[in-house]
Amino acid sequence: GAFSEFRWETGLGVIADEEESVAAKRKRAATLARQVADYRRQYPDGAVHLVGLSAGTAVVLYTLEALPASSEIEAVVLLSSSVSADYDLTAALQRVQGDVYVTTSPHDAVLGDLAPVFGTADRRYVGREIAGLTGFILPADAPPATRHLYAKVIHLAWDPEDERYGDYGGHTDTAKPEFVQHVVAPLLVGEGPRNMRVHPCGTAGTYTAVAE
């Protein structure tokens, strides 16, 4: 398989990346969507996965929304997402065949302390109601079709056992090589077992899964 790093950042630092407008992020996402569509045409039987970190998760979601119906993604991983928790994933989920894995941690100081002040990557001020802290929230009065789509969302809640892979719940810990090797990669490779502890999280039909 091929690995491609899509550089979308402003180059002015984390806060500037968060504060960049939705329009600018969508413009960059449109570029990535074209690259994905081109790859799909060249390798129609190939698998495509998208992984985003922090504000990059907004770019991933905007990319999914910009994809044509013929360019579905096998799976998505959103690490320490700084997108608002109630962001409507309906359109994005329609372009994902498999699951959307979302890491969450209550110890993420960037999301817990800075994002409420500077705003989320989708340019909202929602306090601590941020996906990387709480997970995504099913839209109120969601129709059955939307509820079915949201079944693709799996929250990977931080657990003290993740410390063995260098993840202490910090904002970028989920991007550490050990965590990617032992937790993220097995979700995408599709070979061998994927060990998870699955816990109900309050809403019927919604679960939090912790990769072991």
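Parameters and conventions
- Per chain, the residues get numbers from 1 upward, laid out in the order the sequence is written.
- Under the rules for a predicted model, residues below a pLDDT of 70 receive no local features and side-chain atom pairs below 80 are neither given nor counted, while totals for whole chains, interfaces and linings still include all residues.
- Heavy atoms throughout the structure, all of them, feed into the side-chain values; hydrogens and water do not.
- Only the six-membered ring of Trp is used, alongside the rings of Phe and Tyr, when aromatic pairs are assigned; centres must lie within 6.5 Å, and planes under 30 degrees apart are stacked while those over 60 apart are edge-to-face, with the rest tilted.
- With a 1.4 Å probe rolled over the protein chains alone, any residue whose accessible area is under 20% of its type maximum counts as buried; one over 50% counts as exposed, and the rest are partly exposed.
- In this description a helix means any DSSP run of H or I spanning at least four residues, a strand means any run of E spanning at least two, and both kinds are numbered starting from the N terminus.
- Directions are taken from the helix axis to each C-beta atom, and the arc is the one they span.
- Note on contacts: a residue pair is in contact if any heavy atoms of the two residues lie within 4.5 Å.
- Contacts described as polar in this section are N or O atom pairs within 3.5 Å, which, within protein, must combine one atom able to donate a hydrogen with one able to accept it, while residues neighboring in sequence count only if both atoms come from side chains.
- Counted as positive: Lys and Arg. Counted as negative: Asp and Glu. His and the chain ends are not counted at all.
- For salt bridges, the criterion is a side-chain nitrogen of Lys or Arg within 4 Å of an Asp or Glu carboxyl oxygen.

We now examine the packing of aromatic side chains. Per the counting criterion, the structure on display carries two aromatic pairs. Look at Tyr39 and Tyr43: their rings are 4.9 Å apart centre to centre, the planes differ by 40 degrees, and that puts the pair in the tilted class.

On to helix α5 (residues 109-118), then. Buried within α5 are the following residues: Leu111, Gly112 and Ala115. Taken end-on, α5 shows its buried residues confined to a sector of 105 degrees, consistent with a single buried face. Among the exposed residues of α5, those pointing more than 90 degrees away from its buried face are Asp113 and Val117. For α5, the elements touching its buried residues are α6 (131-134). The backbone nitrogen of Val110 lies 3.1 Å from a side-chain oxygen of the residue at the head of α5, namely Asp108.

With that settled, the discussion passes to the side chain of Asp108. When you line up the elements, Asp108 lands in the loop between β3 (100-104) and α5. Within the buried core, Asp108 has no salt-bridge partner, and the shortest N-O distance to an opposite charge, that of Arg128, equals 8.4 Å. A distance of 3.1 Å separates a polar side-chain atom of Asp108 from the backbone nitrogen of Leu111. Here His171 takes part through its side chain, which lies 2.8 Å from a polar atom of the side chain of Asp108. In this view, Asp108 contacts Ser80, Leu133, Gly169, Gly170 and His171; residues no more than four positions away in its chain are not counted.

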